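Spelled out from the first residue to the last, the chains are:
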Amino acid sequence: MLTAKELSLIEDQLKTEKLLIIKNKTYAQLCDDPELRKKCEQMAAKHEEHYQSLLGLLD
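Residues numbered from 1 in each chain as written. Predicted model: local features only at pLDDT ≥ 70, side-chain atom pairs only at ≥ 80, totals over all residues. Heavy atoms only, no water.

## Describing the overall build of the protein
Scanning the protein for helices and strands turns up two helices and zero strands. In summary, the protein has a C-alpha radius of gyration of 14 Å against a globular reference of 10 Å for 59 residues, an excess of more than 25%. Across its three principal directions, the C-alpha atoms of the protein cover 45 × 15 × 10 Å. Residue burial in the protein is summarised as follows: out of 59 residues, 20% are buried. Intrachain contacts of the protein at a sequence separation of at least 6 include 61% that bridge at least 24 residues. Split by element, the accessible area of the protein, about 4,700 Å² in all, is 58% carbon and sulfur. (Helix = DSSP H or I, 4+ residues; strand = E, 2+ residues; numbered from the N terminus. Rg over C-alpha atoms; globule rule 2.2 N^0.38 Å. Buried < 20%, exposed > 50% of the residue type's maximum accessible area, 1.4 Å probe, protein only. Contact = heavy atoms within 4.5 Å. Areas by Shrake-Rupley, 256 points an atom, 1.4 Å probe, with all protein chains shown as cover.)

Below is the structure:
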C-alpha cells in the first residue's frame, strides 16, 4: 500500500515523464540530422518506458 506522499510523488513524476516524452518527440520532428533525430526518438521511448513503469505501481 502506497502512502499519500508516495502517490503524490509518483503523480509528479508521471507528469514529468509525460512532458519529457512530448518534448523529445517534438525535438525529433524538428531535427534535420538523422542521428540526432534517432537519439531524440530513443529518449522519448525510454521516457515512455519510465511512464509505463510508474503507472504499473498504481495498479
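## Looking at the side chain of E17
Relative to the assigned elements, E17 resides in helix α1 (residues 4–30). An unpaired buried charge is present at E17: no salt bridge exists, and K46, the closest side chain of opposite charge, is 10.0 Å distant. At a separation of 2.6 Å, a polar atom in the side chain of E17 contacts the side chain of H47. Among all residues touching E17, those that are not within four sequence positions of it are H47, H50, Y51 and L54. (Lys, Arg positive; Asp, Glu negative; His and termini not counted. Salt bridge = Lys/Arg side-chain N within 4 Å of Asp/Glu carboxyl O. Polar contact = N/O pair within 3.5 Å; in protein donor to acceptor, adjacent residues only side chain to side chain.)

## Examining the packing of aromatic side chains
Counting across every chain of the model gives zero aromatic pairs. Lying over the aromatic face of Y51, K18 brings its terminal NZ or CZ to 5.1 Å of the ring centre. (Phe/Tyr/Trp six-rings, centres within 6.5 Å; stacked < 30°, edge-to-face > 60°. Lys NZ or Arg CZ within 6 Å of the ring centre and 35° of its normal.)

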